[in-house]
Amino acid sequence: MNNRIYISGRITGEPERECRRKFDLAEAKVEDFVFFDHYGVTVYLATGKIRYRAVNPWRLRLLGKRLGRWPWSVAMAVCLWNVARSSTVYMLRDWTRSRGARMENTLAQLLGKNVIYEEDEQRELFLG
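As the structure is a computational prediction, the values presented were derived from the model and not from experiment.

## What about the packing of aromatic side chains?
- According to the stated counting rule, one finds 1 aromatic pair in the structure shown.
- Plain terms: the ring middles of Trp-95 and Tyr-117 are 5.8 Å apart, the flat faces sit at 40° to each other, and that makes the pair tilted. Placement of Trp-95 in the loop between β7 (88–91) and α3 (99–110) and of Tyr-117 in strand β8 (residues 114–117) is noted, with a sequence separation of 22 residues between them.
- Classification of Trp-95 as buried rests on a relative accessible area of 14%.
- On the basis of relative accessible area, Tyr-117 is assigned to the buried category, the value being 18%.
- Lying over the aromatic face of Trp-70, Lys-65 brings its terminal NZ or CZ to 4.3 Å of the ring centre.

Written as structure tokens, this is what we have:
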């Protein structure tokens with residue numbers, strides 16, 4: 001059972017402080033999402049519903065160093081590997097302005113992952 005949710009959004013070119021805050025807020029939000037199994041049935045344990053485990057690329061490390069300290073191509077290889085390991089990808093509002101996030105979205109689509117778009121949540125709030 002895979003309940004990882006990878007958070008995808010623009011990092012390169014963003015001020016570090018704002019970027020960290022954006023990803024930390026998204027991490028807190030997606031951990032409150034309920035995980036569904038392959039058949040759309042909510043998975044329960046004795047403790048209640050299983051929650052997603054967020055994979056925040058801002059927190060990822062390679063050999064003890066934050067990914068931002070590595071060349072972009074190395075950081076993207078780690079991020080794409082984490083997309084492949086996740087059941088779901090959560091696309092932040094700014095994902096279309098990021099080459100890496102667009103790659104993550106493409107990989108998620110090709111692998112048949114669940115993809116949730118932050119901008120769609122806002123529309124549902126107004127429509128629902």
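## Considerations on the nonpolar core
- Tyr-6, Leu-60, Leu-67, Val-89 and Met-91 are the most contacted members of the largest nonpolar core, which has 15 residues in total.
- If you tally residues by element for this core, the top one is helix α2 (residues 72–85), at 4 residues.
- If we ignore the near neighbours within four places in the chain, the residues touching Tyr-6 are Val-55, Pro-57, Leu-60, Cys-79, Asn-82, Val-83, Ser-86, Thr-88, Val-89, Tyr-90 and Glu-104.
- Ranked by size, the runner-up nonpolar core spans 11 residues in total, among them Ile-5, Tyr-52, Trp-58 and Leu-92.

## Topic: helix α1 (residues 16–30)
- The end-to-end C-alpha distance of α1, which contains 15 residues, comes to 21 Å, matching closely the 21 Å that a straight helix rising 1.5 Å per residue would cover.
- Inspection of α1 places Cys-19, Lys-22, Phe-23, Ala-26, Glu-27 and Val-30 among the buried residues, and these make up the whole buried set. Taken down its axis, α1 places every buried residue within 135° of arc, on the same side. In α1, the exposed positions that point more than 90 degrees away from the buried face belong to Arg-17, Glu-18 and Arg-21.
- In the core, the buried residues of α1 are packed alongside β1 (4–8), β4 (53–55) and β7.

Thresholds, definitions, all that
Residues numbered from 1 in each chain as written. Predicted model: local features only at pLDDT ≥ 70, side-chain atom pairs only at ≥ 80, totals over all residues. Heavy atoms only, no water. Phe/Tyr/Trp six-rings, centres within 6.5 Å; stacked < 30°, edge-to-face > 60°. Helix = DSSP H or I, 4+ residues; strand = E, 2+ residues; numbered from the N terminus. Buried < 20%, exposed > 50% of the residue type's maximum accessible area, 1.4 Å probe, protein only. Lys NZ or Arg CZ within 6 Å of the ring centre and 35° of its normal. Core = buried A, V, L, I, M, F, W, Y, C linked by side-chain atoms within 4.5 Å. Contact = heavy atoms within 4.5 Å. Expected span 1.5 Å × (residues − 1). Arc of directions from axis to C-beta.

Purely geometric stuff here, so don't read any function into it on its own.
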